[in-house]
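# Structural description and commentary
Okay, here's what each chain looks like letter by letter:
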Amino acid sequence: MTVPGQPAKQGPRSLDPHLRRYAARTAGMTASEIRALFAVASRPEVVSLAGGMPHLAALPLESLSAEIGQLVASEGLVALQYGSAHGVPLLREQICDVMALEGINGHPDDVVVTVGSQMGLDMVTRIFCDPGDVVIAEGPSYVGALGSFTAYQTQVVHVAMDADGLVPSLLREALEACKRAGQRVKFLYTIPNFHNPAGVTLAVSRRAEILQICRTYGVLVVEDNPYGLLGFDGQTYPALRSMDPDNVVYLGSFSKTFAAGLRVGWVLAPHAVREKLVLAAESATLCPPTLNQMIVSRYLSTQDWKGQIKTYREAYRERRDAAVSALEQHMPQGSTWNIPDGGFYVWVTVPEGIDTKAMLPRAVTARVAYASGTGFYADGFGSRQLRISYCYPTPERIREGVRRLANVIEEEMQLAATFGATPGRQLSGPQTPSPDTA
């Protein structure tokens, strides 16, 4: 019998006394598959090719520390105080200058500063999606986006990519299929430049066509572009937002081009959407940290930030080359991979019969870590794929990590030849993001 005022007893097999209290939306939340291994994977003897952590050693830390000290000394009463959910006005103006490099003519009033672009993703999904709505996303797609979509109980429909990015004809087929099924598609989520995790870039010749397809079907476009300035040849591509300002919500971040730990990102939205984003930001955080925003603003005002981006590009190109050359040297026959023109990632397909999720604990035992492909799909696909992040380790460590990984794959191939292939396992839903899979 339940005593009034006391919680009901849980069954003897329940390990969580709050199990019955959780909202239905938590059912699809699953932890990052690396997170459970991260205590081991983060040891110095393990080469981690898993996380998309920027190469902060390239930053001018001495001059930055002096600028931050001066900022607190001269403007600390503002920097350490509450601020607006909209964001610091000067920083919003500077963000528009950054976006102009990719052809965007934005207005500071339409910029909402966020605690990283992950917060922007969450807010956009929250204000547009009801349970059961459909989000179209590339397959594979960013794990953090899939986690947000699942948290708001949307259905994710993947559209395949090729070497030139999202395939327009397949996007049209997916939207037509959703229309016939009576499903309500709210937006297309896309990472057009140096894709995470696939590493490919959407061909310029496809961009206008994809925007027109979305217009035809009444679908919003959410453009996530944290890597756009990190092309190895210095080339920038026209942002989707620059081509259709009224139907594109643009997500940006300083995590990849400055410092991830400051957690400063932004959303550039059509004017009518902007106000709802500000209200969503107020309910989530009240306001993003003013100090962090002012540090970024001071950095953009006093430092050669364009030169710093060039330094980053050169460092990542060297690491990309190390990863690709090691793959060519060590990977067994039947493996394939792309050669990215920018960004942080190589997307690898392993030989038939290998399950990269099942292999991961054995790889960590062999002192190498990666992100397995299943985490980047909402439907359980990707068991033959894995993502290599070359952004953080030194070139020497990358080469050694790929060598270890290739040895693990060859051992898996021998086991599969002896005992049969490991059956693929379906996930119940996408993973929630963590720094090791970002």
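Predicted, not measured: the structure shown is a model, and the values here were computed from it.

Scoring rules and cut-offs
- Residues numbered from 1 in each chain as written.
- Predicted model: local features only at pLDDT ≥ 70, side-chain atom pairs only at ≥ 80, totals over all residues.
- Heavy atoms only, no water.
- Pairing = 2+ DSSP bridges.
- Helix = DSSP H or I, 4+ residues; strand = E, 2+ residues; numbered from the N terminus.
- Salt bridge = Lys/Arg side-chain N within 4 Å of Asp/Glu carboxyl O.
- Buried < 20%, exposed > 50% of the residue type's maximum accessible area, 1.4 Å probe, protein only.
- Right-handed = clockwise from strand over helix to strand, strands pointing away.
- Contact = heavy atoms within 4.5 Å.
- Axes fitted to C-alpha atoms, helices over the stretch in contact; angles between N-to-C directions.
- Parallel < 35°, antiparallel > 145°, perpendicular 65-115°, else oblique.
- Nonpolar A, V, L, I, M, F, W, Y, C, P; charged D, E, K, R; others polar.
- Patch = residues over 30% accessible without salt bridge, like charges linked within 9 Å, V, L, I, M, F, W, Y side chains within 5 Å.
- Areas by Shrake-Rupley, 256 points an atom, 1.4 Å probe, with all protein chains shown as cover.
- Left-handed = near helix turned anticlockwise from the far one by under 90°.
- pLDDT = per-residue confidence, 0-100.

## So, the sheet that holds strand E14 (residues 385–389)
Strand order in this open sheet of four strands is E10-E11-E14-E13, and the pairing throughout is antiparallel. Every interior strand has two partners, whereas the edge strands, strand E10 (336–337) and strand E13 (371–372), have only one. As paired strands, strand E11 (residues 345–349) and E14 are joined by five bridges and run antiparallel to one another. Across the sheet, residue Thr349 finds its bridge partner in E14, namely Gln385.

## Let's talk about the pattern of salt bridges
When the charged atoms of two side chains lie near each other, side chains of opposite charge can form a pair. This structure, assessed with the given rule, holds 16 salt bridges. Arg320 serves as the salt-bridge partner of Asp321, at 2.7 Å between the closest nitrogen and oxygen. By relative accessible area, Asp321 is classed as partly exposed at 39%. Exposure remark for Arg320: the relative accessible area of 12% places this residue in the buried category. Salt bridges sharing common partners tie together Asp130, Asp133, Arg184 and Lys186.

## Notes on the pairing of E11
A large share of E11 lies buried, amounting to five of its five residues. Residues Tyr345, Trp347 and Thr349 point to one face of E11 and Val346 and Val348 to the other, with burial holding for every one of them. Pairing geometry for E10 and E11, over two bridges, is antiparallel. Residue pairing in the sheet places Thr336 in a bridge with Thr349 of E11.

## Concerning the pairing of strand E4 (residues 155–162)
As defined by bridge partners, strand E3 (residues 134–139) adjoins E4 across six bridges and the pair is classed as parallel. Looking at E4, one finds that Val135 is bridged to Val156. Assessed by its sense of winding, the connection that carries the chain from E3 through helix H5 (residues 143–151) to E4 is right-handed. Summarising the sheet, E4 and strand E5 (residues 165–166) pair through two bridges and their orientation is antiparallel. Residue pairing across strands places Met161 opposite Leu166, the latter belonging to E5. Between E4 and E5, which follow one another and run antiparallel, lie two residues.

## Some details on the sheet that holds strand E8 (residues 248–253)
If you trace the eight strands from one edge of the open sheet to the other, you get E2-E9-E8-E7-E6-E3-E4-E5, paired in mixed fashion. Either end of the sheet is taken by a strand with one partner, and the two such strands are strand E2 (111–114) and E5.

## Overview of the environment of Val350
Topologically, Val350 is positioned in the loop between E11 and helix H13 (356–365). Classification of Val350 as buried rests on a relative accessible area of 0%. Along the chain, Val350 and Met413 lie 63 residues apart, while their C-alpha atoms are 9.8 Å from each other. Other than its neighbours up to four places away in sequence, Val350 contacts Gly334, Ser335, Thr356, Arg384, Leu386 and Ile409.

## Concerning the side chain of His195
Along the chain, the position of His195 falls in the loop between strand E6 (185–190) and helix H7 (204–216). The residues contacting His195, other than those within four sequence positions of it, are Glu138, Pro140, Ser141, Met161, Val200 and Tyr345.

## Quick word on the packing of helix H6 (residues 168–180) against H7
The description of two packed helices rests on the angle between their axes and on the distance between the axes. Relative to each other, H6 and H7 sit at 10 degrees, their axes nearing to 10 Å. The orientation of H6 with respect to H7, classified from their angle, is roughly parallel. Between H6 and H7, the residues in contact are Pro168, Leu171, Arg172 and Leu175 and Arg206, Glu209, Ile210, Ile213 and Cys214, respectively. Looking at the contact of H6 with H7, its residues break down into six nonpolar, no polar and three charged.

## Focus on a nonpolar patch on the surface
A grouping of Ile68, Val72 and Leu80 is seen on the molecular surface, where their side chains present a nonpolar patch of about 240 Å² in accessible area. Topologically, Ile68 is positioned in helix H2 (residues 61–79).

## Concerning the packing of helix H4 (residues 116–128) against helix H10 (residues 271–285)
Viewed as axis vectors pointing N to C, H4 and H10 meet at an angle of 115 degrees, and their least axial separation amounts to 10 Å. On the basis of the axis angle, H4 is roughly perpendicular to H10. Crossing of H4 against H10: the hand is right-handed. Listed contacts from H10 to Met119, Met123, Val124, Arg126, Ile127 and Phe128 of H4 are Val273, Lys276, Leu277, Ala280, Ala281, Ser283, Ala284 and Thr285. Across the contact of H4 with H10, the residue classes tally to 10 nonpolar, two polar and two charged.

## Concerning the confidence of the model for the protein chain
Here the protein chain shows a mean pLDDT of 91. Residues at 70 or above account for 89%. Every residue in residues 424–429 is under pLDDT 50, and counting partners more than four places away or in other chains gives 14 contacts.

## Brief notes about unusual backbone geometry
A cis geometry characterises the amide bond from Gly139 onward to Pro140, with omega recorded as 5 degrees. With respect to the helices and strands, the residue Pro140 is situated in the loop between E3 and H5. Residues Asn196 and Pro197 are joined by a peptide bond in cis, for which omega reads 15 degrees. The phi angle at Gln153 is positive, at roughly 60 degrees, despite the residue not being glycine. Within the secondary structure, Gln153 sits in the loop between H5 and E4. Under the relative-accessibility criterion, Gln153 is labelled partly exposed at 31%.

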